[in-house]
Amino acid sequence: MAFTALGSTVLGDVSDTLEVDSLADKPYLHLESIVRGADTRVLMTFNADTDAHYSYRFEGNMGTDSNNVNKNNINPTYDTAPTVKFLVMDILNLVDQEKIGIGKYVDIGSAGVSNAPNTMLYVFKWIENDVIDKITFTNNDSGDYSANSSLNIFGSS
């Protein structure tokens, strides 16, 4: 399965939004993102849908899993404090089907070699049947996404 770039955004200044739109219709999506900025959270939505159409399950730092249903977004953020967060996701984007995905998250945690990074594994779904043509990360914490934060979307048939 060969992936091609569908869209990319790199912030040139601070913002509370990181977004890629006008995505080509592909059944498989791959997302890679580096979010820079302390006191930030990633709240992910598809196609500007902020209704309670999302459910997700996550496990933070290899601990107990948590189930979140009827949500207005997907929150793949373990800790808001670290200044660098890295996210990778794969999404099944079939027309006329609920969208499902799996993702991994890591941040630097506390500084220094004596502190391990934070990690989070998660699965999610979006109950709408439309193909995903827009992915938005929104920050609702006290900081801002910094310049050079990036969101890259790839697709495959």
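**Examining unusual backbone geometry**
Moving on, step 1. Even without being a glycine, Asn61 presents a positive backbone phi close to 50°.
Moving on, step 2. One can find Asn61 in the loop between strand E5 (54-60) and strand E6 (65-71).
Moving on, step 3. Here Asn61 falls in the partly exposed class, since its relative accessible area comes to 32%.
Moving on, step 4. Even without a glycine there, the phi angle at Asp96 is positive, about 60°.
Moving on, step 5. Position of Asp96 relative to the elements: it lies in the loop between strand E7 (84-92) and strand E8 (99-107).

**As for the packing of aromatic side chains**
Moving on, step 1. All chains considered together, the criterion is met by 6 aromatic pairs.
Moving on, step 2. With a centroid separation of 6.3 Å and an interplanar angle of 40°, the aromatic rings of Phe46 and Phe124 are classed as tilted. Placement of Phe46 in strand E4 (residues 43-46) and of Phe124 in strand E9 (residues 118-126) is noted, with a sequence separation of 78 residues between them. Judged on exposure class, the residue Phe46 and its partner Phe124 are both buried.
Moving on, step 3. Here the aromatic residues Phe46, Tyr54, Tyr122, Phe124 and Trp126 are joined through ring pairs into a cluster of three or more.

**Concerning the sheet that holds E5**
Moving on, step 1. A sheet is described by the order of its strands in space; here 8 strands give the open sequence E1-E11-E3-E7-E8-E9-E5-E6, paired in antiparallel fashion. With one partner strand each, in any of the chains shown, strand E1 (4-10) and E6 form the two edges of the open sheet. Each strand axis lies, on average, 15° off the axis of its neighbour in the sheet, ignoring direction.
Moving on, step 2. The sheet contact formed by E7 and E8 spans 8 bridges and is antiparallel. Within E8, the position partnered with Leu92 by the bridge is Ile100.

Thresholds, definitions, all that
Residues numbered from 1 in each chain as written. Predicted model: local features only at pLDDT ≥ 70, side-chain atom pairs only at ≥ 80, totals over all residues. Heavy atoms only, no water. Helix = DSSP H or I, 4+ residues; strand = E, 2+ residues; numbered from the N terminus. Buried < 20%, exposed > 50% of the residue type's maximum accessible area, 1.4 Å probe, protein only. Phe/Tyr/Trp six-rings, centres within 6.5 Å; stacked < 30°, edge-to-face > 60°. Pairing = 2+ DSSP bridges. Axes fitted to C-alpha atoms, helices over the stretch in contact; angles between N-to-C directions.

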